[in-house]
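# Inside the fold
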Amino acid sequence: MSVAGIPVLHNHINNKATAAVSASGEAQLLAVTSPYTGETIAHVPLSTSKDVDAAVEAATKALAEWSRLTLKARAAYLLRLYTALQAQADELVALIVREHGKTYTEAQGDLSKGLETLEYAIGLPQLAQGHVQMVSGGVQCRDERVAVGVVAGIVPFNFPFMVPFWTIPLALGMGNTYVLKPSEKVPMTMTRVAEIAASVLPPGVLNIVHGDRTAAIALTEHSHVHAVAFVGTSAVAEQVHRRGVAAGKRVLALGGAKNHLVALPDCDVELTAQDVVNSFTGCAGQRCMAASVLLVVGEQPELLRRIVAKAQALVPASKGPGAMGPVIDAAALERIEAAIMHATDIDGATVLLDGRANDRFATCRREKGGFWIGPTVLCHKAASDQALQQEIFGPVLSVLHCDSFDAALAIENASAYGNAACVYTSSGAHAEYFAQRFGAAMVGINIGVPVPREPFSFGGVKRSKFGSSDITGDGAIEFFSVRRKITTKWAVSTEKSWMN
Ligand code: NAD
């Protein structure tokens, strides 16, 4: 189906493309825009609670059979899913570029990082083994991990493939069935994934319902959904967590971030400058692990000069050396420009590089349309400035000078968020001093995007995460399973034990 030649996306329920419905018939549609040009490239339906009911019913029906398969059998399905997705890698990368505005290299990273979680989940028969032990004469205890039930996943726009795949493989591997609500801003990649998965997985195991907060809330509150995995802004993560827990569900809700990088006087200037620029401009700054605040200990004019020069050299493009893509939509552009204006006009920050005035990006915006803004570097006087407190989620770096290690640590420790922090230094002792004292849960040493890769688990603290476990690795195995404890006694023991 299409409207004016532009495709209308469908939900995927029971392995079938299913049109969303509203009370009056066809569902309301939302335009999906290309960040590169601003053109409408698809229409996504805004599903209602009726659509959510249909998807949850399919997942509930599939649960009994899927959860009773052996872990090895489910891992074999995941291996087939891996092979099927790999076979369509080029198409998936192109979709990510088109709907999100990532460069090709970034989109390849989005796909390959998501597939890494799938690789990890294929190893679940080795990773999720239970324990067995004779606990007294003739009595054996063992535990095994069983499914929680129907899982709902609600995801943000910034990684169309990787973030959904943080949870889908491990949730399915542990025997749960799944209903995903992709971001309404990037619904095309997961629609294609659902089509591919339909050729591999049994019906009802992985279902997709498109929409906005209405569908997300209906999922979070649905009485047949047992666990909710959410990733998005902190305000929404907190709400989803509160709502889901009140409804008696397991909830893990990852929120936003404000990541601090600290450059010590003994850092390698070239390595640090390049890494800081990669960190705050990659994916146009739309990563929850992106550099946001650079705390410079002492005066380091050469470091700042190189950061500005490298950021200024980036070009608006989808591929090629130094390519940087646009931000997701007009609202994001407006928010980023307003944050820069607040920093300069209200908080008195100095502009070292102004992304609003970057000729190449401005020409692109004027000639191609789309949501382009160049990298911006601001130099602040106070840690209380709004740009150092609130998430901007764009290619903006806020620099602040500190006169000691502990002054830098105090600023990082006081952040409301706790996703990532990094120290640049050539001293092992200094690195360890910071690694042991940062408040964030994911720490980098000379690496500004310190994403823990499998088998290590991903997750922050404070307003970056509501809920206790991490979202990947062994944290997720725990979140997506229930430990069933089985105690066995076959013969009455003649020996005295706690059982007799
Ligand atoms: P968002 O909060 O606007 O939306 C996320 C999802 O929640 C979407 O699917 C959206 O439809 C849904 N939603 C919106 N309002 C809702 C409501 N009231 N109730 C329930 N669901 C609702 O986030 P976004 O702009 O798509 O993504 C960017 C944010 O995600 C940033 O803050 C970023 O830091 C964060 N993020 C965090 C991590 C992490 O690991 N901590 C990873 C990626 C992104």
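Residues numbered from 1 in each chain as written. Predicted model: local features only at pLDDT ≥ 70, side-chain atom pairs only at ≥ 80, totals over all residues. Heavy atoms only, no water.

### Some remarks on the packing of aromatic side chains
- By the definition in use, this model includes 11 aromatic pairs.
- With a centroid separation of 6.4 Å and 55 degrees between ring planes, the pair formed by phenylalanine 405 and tyrosine 433 is classed as tilted. Of this pair, phenylalanine 405 sits in helix H15 (residues 405-413) while tyrosine 433 is found in helix H16 (residues 428-435), placing the two residues 28 residues apart along the sequence.
- Using a relative accessible area of 23% as the deciding quantity, one classes phenylalanine 405 as partly exposed.
- Accessibility expressed as a relative area gives 27% for tyrosine 433, which makes it partly exposed.
- Geometrically, the ring pair formed by tyrosine 433 and phenylalanine 434 is edge-to-face, given 6.1 Å between the ring centres and 70 degrees between the ring planes.
- For phenylalanine 434, a relative accessible area of 0% corresponds to the buried category.
- In this structure, lysine 319 packs its charged tip against the face of tyrosine 104, placed 4.6 Å from the ring centre.
- The ring of tyrosine 433 has arginine 437 sitting right over it, with the charged end atom 3.7 Å from the ring centre. (Phe/Tyr/Trp six-rings, centres within 6.5 Å; stacked < 30°, edge-to-face > 60°. Helix = DSSP H or I, 4+ residues; strand = E, 2+ residues; numbered from the N terminus. Buried < 20%, exposed > 50% of the residue type's maximum accessible area, 1.4 Å probe, protein only. Lys NZ or Arg CZ within 6 Å of the ring centre and 35° of its normal.)

### Considering the domain arrangement of the protein chain
- Partitioning the protein chain into structural domains gives domain 1 (47-255 + 464-485) and domain 2 (259-445).
- Listed as interface residues are 15 residues of domain 1 and, on the opposing side, 18 residues of domain 2.
- Surface buried jointly by domain 1 and domain 2 totals about 1,300 Å² across both partners, of which 62% is contributed by carbon and sulfur atoms.
- Run the count over domain 1 and domain 2 and you get 1 salt bridge.
- Measuring nitrogen to oxygen at the nearest pair gives 3.9 Å for the salt bridge that ties aspartate 329 to lysine 185. (Domains from an automatic or database assignment. Contact = heavy atoms within 4.5 Å. Buried area = accessible area lost by both parts, 1.4 Å probe. Salt bridge = Lys/Arg side-chain N within 4 Å of Asp/Glu carboxyl O.)

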